[in-house]
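Secondary and tertiary structure notes
Single-letter residue listing:
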Amino acid sequence: MYQHNISLRVRYAETDQMGYVYHGVYATYFEVARVEALRNIGVSYKDLEKTGISMPVRELSCQYLRPIAYDDLINIHTKIPAEPTARLLFKYEITDHTGNLISRAESLLFFWDQKRKKPTQPPKMLSQALKPYFQNAKPE
C-alpha cells in the first residue's frame, strides 16, 4: 500500500456563510492530495497527460464528520490500497492539527486514452513507480 500526507491551511475563500469549509471544496482538497501523492513518487499529472493518458474521476464519496473553519491547519492522509489496473482507487482521511478525524473519502479514477477515446491500462511510468509499495503486500 502506498501512503502520503500533506498539510494545508484553510483559506477564507474556501468557507461558506457559516464560516466552515464549503462541502464542494473537499473535492479540491482530495485532488491536491492525489496530485501531490503521485508527485512524491515521481509521477506528475502533467507528464502523465503528455503521454496521452488522463485520469478522470469515476466516483467520489465523502463522509463529513466534523466541520473545518477558516485558518484551520488540516492534514490529508492519502492511500492507494491496491496496484492500478484500468482503475485506481484513492482513500483519504482529513484530520485536524490534533489528529481528530474530520472526513473520510474515496475516489475511483480510470485511465483514459485521449487519442483513442477509450479506457486503457495504466501507463508504465505509474505502474513502475507504485510497484515497490505492493511487493509482498497483503490486500487491505
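Please refer to the structure placed before this passage.
Okay, so let's go over this structure.

Some points on the overall build of the protein chain
Of the regular secondary structure elements, the protein chain holds 3 helices and 8 strands. N-terminal to C-terminal, the α/β element order of the protein chain is β-α-α-β-β-β-β-β-β-β-α. Viewed in the frame of its principal axes, the protein chain has a C-alpha envelope of about 45 × 35 × 25 Å. The buried share of the protein chain, taken over its 140 residues, is 39%. Long-range pairs, those at least 24 residues apart, make up 67% of the contacts in the protein chain between residues at least 6 apart in sequence. When the accessible surface of the protein chain is summed, it comes to about 8500 Å², and 49% of that surface belongs to carbon and sulfur atoms. A gap of 9 Å separates the mean positions of the 19 positive and 15 negative side-chain charges of the protein chain.

Structural notes on the sheet that holds strand β6 (residues 101-110)
Taken in spatial order, the 5 strands line up as β1-β4-β5-β6-β3 in an open sheet, and their pairing is antiparallel. Only two strands of the sheet have a single neighbouring strand rather than two, namely β1 (2-9) and β3 (57-64). Pairs of neighbouring strands in the sheet enclose a mean axial angle of 15°, with direction left out of account. Where β3 meets β6, 7 bridges bridge the pair, whose relative direction is antiparallel. Residue pairing in the sheet places E59 in a bridge with L108 of β6.

So, the pattern of salt bridges
Pairs can form between side chains of opposite charge whenever their charged atoms are close. Per the counting criterion, the structure on display carries 7 salt bridges. For E106, the salt bridge identified is with K91, shortest N-O distance 3.7 Å. Taken together, the residues E106 in strand β6 and K91 in strand β5 (residues 87-96) connect sequence positions 15 residues apart. Between D113 and R116 there is a salt bridge, and its shortest N-O distance comes to 3.6 Å. Overall, the relative accessible area of 47% leaves R116 in the partly exposed class.

Considering helix α1 (residues 25-40)
Compared with the 22 Å implied by 1.5 Å per residue over 16 residues, the 23 Å span of α1 between its first and last C-alpha is a close match. Those residues of α1 that fall on the buried side of the exposure criterion are V25, Y26, Y29, F30, A33, R34, V35, A37 and L38. Positive backbone phi, at 90°, marks G42, one or two positions downstream of α1.

Details of the sheet that holds strand β8 (residues 118-119)
In space, the 3 strands of this open sheet follow the order β2-β7-β8, with antiparallel pairing throughout. The open sheet terminates on both sides in strands that have one partner only, identified here as β2 (53-54) and β8. Relative to β8, strand β7 (residues 112-113) runs antiparallel, the two being bridged by 2 bridges. Bridge pairing in β8 places W112 opposite P119.

Some points on the pairing of β5
Both strand β4 (residues 73-80) and β5 contribute to a ladder of 6 bridges, which runs antiparallel. Opposite T78, over in β5, you have Y92 as the bridge partner. In sequence, β4 turns back onto β5 through a hairpin of 6 residues. Sheet topology places β5 next to β6; 9 bridges connect them, and they run antiparallel. Bridging across to β6, T95 finds its partner in L101. Between β5 and β6, which pair antiparallel in sequence order, lie 4 residues; one of them, G99, sits at a positive phi of approximately 95°.

So, how was this worked out
Residues numbered from 1 in each chain as written. Predicted model: local features only at pLDDT ≥ 70, side-chain atom pairs only at ≥ 80, totals over all residues. Heavy atoms only, no water. Helix = DSSP H or I, 4+ residues; strand = E, 2+ residues; numbered from the N terminus. Buried < 20%, exposed > 50% of the residue type's maximum accessible area, 1.4 Å probe, protein only. Contact = heavy atoms within 4.5 Å. Areas by Shrake-Rupley, 256 points an atom, 1.4 Å probe, with all protein chains shown as cover. Lys, Arg positive; Asp, Glu negative; His and termini not counted. Charge placed at Lys NZ, Arg CZ, Asp CG, Glu CD. Pairing = 2+ DSSP bridges. Axes fitted to C-alpha atoms, helices over the stretch in contact; angles between N-to-C directions. Salt bridge = Lys/Arg side-chain N within 4 Å of Asp/Glu carboxyl O. Expected span 1.5 Å × (residues − 1).

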